[in-house]
Amino acid sequence: QGLDRTEHEGFGGGNTAWEEEKLSKYQHSETRLLEVLEGVCAPSDFACHQLLERSEEHVEQWWFHERQLHPDFFQWLCVDRLMLCCPPGTYGPDCRSCAGGPRQPCSGNGRCDGDGTRRGTGLCVCSPGYGGPFCAECGDGYYEASRNKSHFVCAECYQACGRCTGPEDSSCLRCKRGWVLHEHRCIDIDECGTEMAHCRANQYCVNTEGSYECRDCSTACIGCMGAGPARCKKCNKGYWRDGAKCLDVDECASATEPVCTGIQEVCENTEGSYRCVCARGHIRQDGQCVEDKPPDAPEKGFFDDVTDDEVVVLQQMFFGVMICALATLAAKGDMVFTAIFIGAVAAMAGYWLSDRSDRVLDGFMKGR
């Protein structure tokens, strides 16, 4: 690609005569080689850069000395010198021809294993619909729909046909596994009605197109002939037969003695069995059924249910009663009680106006 890109370019300096005299012609110059090699590898392709570095001397030798005699750079470097590749249509250490020949390996209907490398077997890996050692015939389940001198086309047979002459269900020559040929038609084999089906002990067989499936029996069954509890060969433990069906045994109702013997335990029937659970209003703790009580709440204070507005009213009533009592005593003319009354009024007024009084009285009124 780099050679093609620089095919019609020049030095780009403007003085072509001087450049060609001093640097040789651009087409064969080292400048062009460097420009080509700059674009050979992607920046993140480490393996490419490593290979290019190892091959640097070979590349320069081809560019300056071998280019005229060996114009095919890939053939000269990769096949002849480094011996990493083979020409298309060949494979292996000695570059042998692929199956079907190097010009058209595998008849053009597949790929040659190891084509173009020093590895592989050279055998054909055919494309879908083609077969044979050279992919020159239609594969199983396909027929030849058209052909000309250079190639042919294979189309798919009817789904049940292994070999056929056309797409119709009546053109079968051989059937796929699970089908039997009858008058050029493939009829599905019912494996479930023969000994061809192999299901486990507690499974039953279901026929499908060209095959069969094994499905699990009902939990009510020990062995069965189909789906559901009405197709059981034998009833499982915890079930009883009622005509054709295996029905669940209600162990809780049918037992003559209590099934669950723990204190406050009751029996609960389940499908094919039962379980012991705690009676309503009880929970299991340490293996015992105990009464489901809510956690004990802390005791309420005497005034816990009093609202904030009611507390304010009670505070005012308390101050009013105290002042009236002291006023009554002071009115008798006793100087001691008069002094106490004046002091109490002043103290209560101070507390009344302070935040602390609200907290103290609020705690007192609510019993805290």
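Residues numbered from 1 in each chain as written. Predicted model: local features only at pLDDT ≥ 70, side-chain atom pairs only at ≥ 80, totals over all residues. Heavy atoms only, no water.

With an unreviewed UniProt entry as reference, the protein is termed CREL1 protein, source organism Orthonyx spaldingii. You can read under Subcellular location (unreviewed entry) in the UniProt record for the protein the words "Endoplasmic reticulum". UniProt, in the comment section headed Sequence similarities (unreviewed entry), describes the protein in these words: "Belongs to the CRELD family." (UniProt positions renumbered as here; feature names shortened; annotations may be inferred.)

Peer 1: How should the overall build of the protein be read in this particular structure?
Peer 2: Looking only at helices and strands, the protein has 10 helices and 20 strands in total. Counting all 368 residues of the protein, 26% fall into the buried class. Excluding contacts between residues fewer than 6 apart, the proportion of contacts in the protein whose partners are at least 24 apart in sequence is 24%. Surface summary for the protein: the accessible area is close to 25300 Å², and the carbon and sulfur share equals 54%. (Helix = DSSP H or I, 4+ residues; strand = E, 2+ residues; numbered from the N terminus. Buried < 20%, exposed > 50% of the residue type's maximum accessible area, 1.4 Å probe, protein only. Contact = heavy atoms within 4.5 Å. Areas by Shrake-Rupley, 256 points an atom, 1.4 Å probe, with all protein chains shown as cover.)

Peer 1: What exactly am I supposed to notice about the side chain of N109 here?
Peer 2: Take N109: it is sitting in the loop between β2 (96–97) and β3 (110–112). Residue classification places N109 among the buried positions, given a relative accessible area of 9%. A polar side-chain atom of N109 sits 3.1 Å from the main-chain carbonyl oxygen of C135. (Polar contact = N/O pair within 3.5 Å; in protein donor to acceptor, adjacent residues only side chain to side chain.)

Peer 1: Would you mind going over the environment of Y91 with me for this structure?
Peer 2: Looking at the secondary structure, you find Y91 in strand β1 (residues 90–91). Between the alpha carbons of Y91 and T121 there is a distance of 7.4 Å; along the sequence they are 30 residues apart. In this structure, Y91 is in contact with C86, R96, S97, C98, D113, G114, D115, T117, R119, G120, T121 and G122, ignoring residues within four places of it in sequence. There is a polar contact of 3.3 Å between the side chain of Y91 and the backbone oxygen of T121.

Peer 1: Is there a simple way to explain the side chain of T90 in this structure?
Peer 2: Mapped onto the secondary structure, T90 falls in strand β1. Among the polar contacts made by the side chain of T90, one reaches the main-chain carbonyl oxygen of P87 at a distance of 2.6 Å. Excluding residues within four positions of it along the chain, T90 makes contact with C95, R96, S97, C98, P102, G114, D115, G116 and T117.

Peer 1: Even after reading the chapter, I still don't get the packing of helix α3 (residues 30–38) against helix α5 (residues 56–66), so can you show me in this structure?
Peer 2: Two elements in contact, α3 and α5, have axes whose closest approach is 11 Å; the angle formed by their N-to-C orientations is 135°. The angle between α3 and α5 falls in the class oblique. Regarding α3 and α5, the two cross each other, and that crossing is right-handed. Listed contacts from α5 to E30, R32, L33 and L37 of α3 are V59, E60, W63 and F64. (Axes fitted to C-alpha atoms, helices over the stretch in contact; angles between N-to-C directions. Parallel < 35°, antiparallel > 145°, perpendicular 65-115°, else oblique. Left-handed = near helix turned anticlockwise from the far one by under 90°.)

Peer 1: What is the right way to read helix α6 (residues 73–81) from this model?
Peer 2: Side chains of residues three or four places apart in an α-helix project in the same direction, reflecting 3.6 residues per turn. Residues of α6 that are buried include every one of W76, L77, C78 and V79, and no others. The elements touched by buried residues of α6 are α5. The backbone nitrogen of F74 lies 3.2 Å from a side-chain oxygen of the residue at the head of α6, namely D72. Remark: M83 follows α6 within two positions and exhibits a positive phi of approximately 55°.

Peer 1: Sorry, what's going on with the packing of aromatic side chains here?
Peer 2: Here the distance between the centres and the angle between the planes together describe a pair of aromatic rings. With the rule as written, the count across this model stands at three aromatic pairs. On the numbers, 6.4 Å between centres and 50° between planes, the contact of W62 with W63 is tilted. Judged by relative accessible area, which is 4%, W63 ranks as buried. Within the aromatic cluster, the residues linked to one another by ring pairs are W62, W63 and F73. Positioned above the aromatic ring of W63, the side-chain terminus of R67 is 4.1 Å from the ring centre. A cation sits over an aromatic face here: R147 above F152, 4.4 Å from the ring centre. (Phe/Tyr/Trp six-rings, centres within 6.5 Å; stacked < 30°, edge-to-face > 60°. Lys NZ or Arg CZ within 6 Å of the ring centre and 35° of its normal.)

Peer 1: Help me understand the environment of V249 in this model?
Peer 2: Tracing the chain through its elements places V249 in the loop between β16 (245–248) and α7 (251–254). In the structure, V249 is positioned 23 residues away from G272 in sequence and 6.5 Å away in space, judged by C-alpha atoms. Non-local contacts of V249, meaning those with residues more than four positions away in its chain, are made with G238, Y239, W240, S254 and N269.

Peer 1: I would appreciate a short explanation of the pattern of salt bridges in the present structure.
Peer 2: Oppositely charged side chains can pair when the atoms bearing their charge come close. Counted according to the given criterion, the structure contains six salt bridges. In this structure, R275 and E268 form a salt bridge, with 2.5 Å as the shortest nitrogen-oxygen distance. Overall, the relative accessible area of 30% leaves E268 in the partly exposed class. (Salt bridge = Lys/Arg side-chain N within 4 Å of Asp/Glu carboxyl O.)

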